[in-house]
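Spelled out, the chains give:
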Amino acid sequence: QVQLVESGGGLVQAGGSLRLSCAFSARTLSSYSMGWFRQAPGKEREFVAAINWRGTDTWYADSVKGRFALSRDNAKNTVDLQMNNLKPEDTAVYYCAAALAPSRGIRDYDYWGQGTQVTVSS
């Protein structure tokens, strides 16, 4: 059974940092590209970052470029999103997802986690 479980969310002040982690249960997902998306109240889910299965290439939304960094460890079956210089507009539920190829499109992802809340206070 494929499972993606996010952790690391919480409340932080603007300018602070958080590190989100996504643990995936199935070894087959080590050959999948992984992505992070977020959804703020009243807004559509949006792309944040993606990484290929090797961990050699990453893609970021313009809104987080230079502040967020995505990495993965296939030996540990984890994908981490380091978030620095957080802003109130980063407040959202963050979701980890898996796709056969790197993509910014929600519909390209086959498996999703339940999400973790990130709240940035001003």
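Summary of the structure given here. Owing to the predicted nature of the structure, the values given are computational and were not obtained by experimental measurement.

Helix and strand counts for the protein stand at zero helices and eleven strands. Listed by position from the N terminus, the elements making up the protein come as β-β-β-β-β-β-β-β-β-β-β. Here the C-alpha radius of gyration of the protein, 13 Å, is about what a compact globule of 122 residues would show, namely 14 Å. Burial analysis of the protein (122 residues in total) assigns 45% to the buried set. Within the protein, contacts between residues at least 6 apart in sequence are counted, and of these 58% link residues at least 24 apart. Accessible surface, the protein: about 6400 Å² in total, of which carbon and sulfur atoms supply 46%. Both charge centroids of the protein, one from 13 positive and one from 11 negative side chains, sit 3 Å from each other.

Below, the discussion takes up the nonpolar core. The biggest cluster of nonpolar side chains holds 36 residues, and the ones touching the most others in it are Met34, Trp36, Leu81, Met83 and Tyr94. When residues of this core are traced back to their parent elements, those giving at least two are strand 3 (18–24), strand 4 (33–39), strand 5 (46–51), strand 7 (68–73), strand 8 (78–83), strand 9 (92–99) and strand 11 (116–121). No other element matches strand 9, which puts six residues into this core.

With that out of the way, let us pick up the pairing of strand 4. Two faces belong to every sheet, and in a regular strand the side chains alternate between them. Burial of strand 4 is extensive: six of the seven residues sit out of reach of the surface. Both strand 4 and strand 9 contribute to a ladder of seven bridges, which runs antiparallel. Counterpart to Gly35 in the pairing with strand 9 is Ala97. In this sheet, strand 5 lies alongside strand 4 in antiparallel orientation, the contact comprising five bridges. Note on strand 5: the bridge partner recorded for Gly35 is Ala50.

Conventions and cut-offs
- Residues numbered from 1 in each chain as written.
- Predicted model: local features only at pLDDT ≥ 70, side-chain atom pairs only at ≥ 80, totals over all residues.
- Heavy atoms only, no water.
- Helix = DSSP H or I, 4+ residues; strand = E, 2+ residues; numbered from the N terminus.
- Rg over C-alpha atoms; globule rule 2.2 N^0.38 Å.
- Buried < 20%, exposed > 50% of the residue type's maximum accessible area, 1.4 Å probe, protein only.
- Contact = heavy atoms within 4.5 Å.
- Areas by Shrake-Rupley, 256 points an atom, 1.4 Å probe, with all protein chains shown as cover.
- Lys, Arg positive; Asp, Glu negative; His and termini not counted.
- Charge placed at Lys NZ, Arg CZ, Asp CG, Glu CD.
- Core = buried A, V, L, I, M, F, W, Y, C linked by side-chain atoms within 4.5 Å.
- Pairing = 2+ DSSP bridges.

Don't take any of this as a statement about function, it's just geometry.
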